[in-house]
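# Examination of the molecular architecture
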Amino acid sequence: MKMSELILAIGDDNVLVQLLDQCASDLNYSAKSGTKITFGTDQPIDLKGTKKLGIVLWLDRDLVAKALEQ
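Keep in mind it's a predicted model, so treat the numbers as computed, not measured.

Our focus in this paragraph is the environment of aspartate 42. Mapped onto the secondary structure, aspartate 42 falls in the loop between strand S2 (34–39) and strand S3 (45–46). As a C-alpha pair, aspartate 42 and glutamine 18 span 24 residues in sequence and 9.9 Å in three-dimensional space.

Within the element layout of this structure, serine 25 appears in strand S1 (residues 24–30). Under the relative-accessibility criterion, serine 25 is labelled exposed at 59%. Once the C-alpha coordinates of serine 25 and aspartate 46 are considered, the two residues, 21 residues apart in sequence, prove to be 22 Å apart. In this structure serine 25 touches Thr38 and Phe39, once residues within four positions along its chain are discounted.

Let's shift gears to the environment of glycine 40. Tracing the chain through its elements places glycine 40 in the loop between S2 and S3. Residue glycine 40 is classed as partly exposed on the basis of its relative accessible area, which comes to 38%. In this structure the C-alpha to C-alpha distance between glycine 40 and glutamine 22, which are 18 residues apart in sequence, comes to 9.6 Å.

This part is about the pattern of salt bridges. Opposite charge on two side chains makes pairing possible when the charged atoms of those side chains draw close. Going through the model one piece at a time under the given rule, you end up with 1 salt bridge. For aspartate 21, the salt bridge identified is with arginine 61, shortest N-O distance 2.7 Å. Of this pair, aspartate 21 sits in helix H2 (residues 20–23) while arginine 61 sits in helix H3 (residues 61–69), and the two are 40 residues apart along the sequence. Across the pair, exposure class does not vary: aspartate 21 and arginine 61 are exposed alike.

A word on H3. Residues three or four positions apart in an α-helix share a direction because the helix packs 3.6 residues into each turn. With respect to burial, H3 is a largely exposed element, only 0 of its 9 residues being buried. The opening residue of H3 is aspartate 60, an N-cap whose side-chain oxygen sits 2.9 Å from the backbone nitrogen of aspartate 62.

Turning our attention to a nonpolar patch on the surface. A cluster of nonpolar side chains, contributed by Met3, Leu53, Ile55, Leu57, Leu59, Val64 and Leu68, occupies part of the molecular surface with about 710 Å² of accessible area. Position of leucine 57 among the secondary structure elements: in the loop between strand S4 (49–50) and H3. On the basis of relative accessible area, leucine 57 is assigned to the partly exposed category, the value being 46%.

Criteria and thresholds
Residues numbered from 1 in each chain as written. Predicted model: local features only at pLDDT ≥ 70, side-chain atom pairs only at ≥ 80, totals over all residues. Heavy atoms only, no water. Helix = DSSP H or I, 4+ residues; strand = E, 2+ residues; numbered from the N terminus. Buried < 20%, exposed > 50% of the residue type's maximum accessible area, 1.4 Å probe, protein only. Contact = heavy atoms within 4.5 Å. Salt bridge = Lys/Arg side-chain N within 4 Å of Asp/Glu carboxyl O. Polar contact = N/O pair within 3.5 Å; in protein donor to acceptor, adjacent residues only side chain to side chain. Patch = residues over 30% accessible without salt bridge, like charges linked within 9 Å, V, L, I, M, F, W, Y side chains within 5 Å. Areas by Shrake-Rupley, 256 points an atom, 1.4 Å probe, with all protein chains shown as cover.

What follows is the structure, encoded as structure tokens:
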């Protein structure tokens, strides 16, 4: 399933966006293990995890900037 199909299935109103650039508290890079990002969220947790499922989605910065200009 494509991401656009998933969002269409659950509805735009049920999707929240949290940009890592705005919520990261720590970013580290190691040639051995890659990039590690620590971030905070206001999502409550229970024994199953966070109330809402978080998905990491990587997008080209320049393409997002151009899309947001329109």
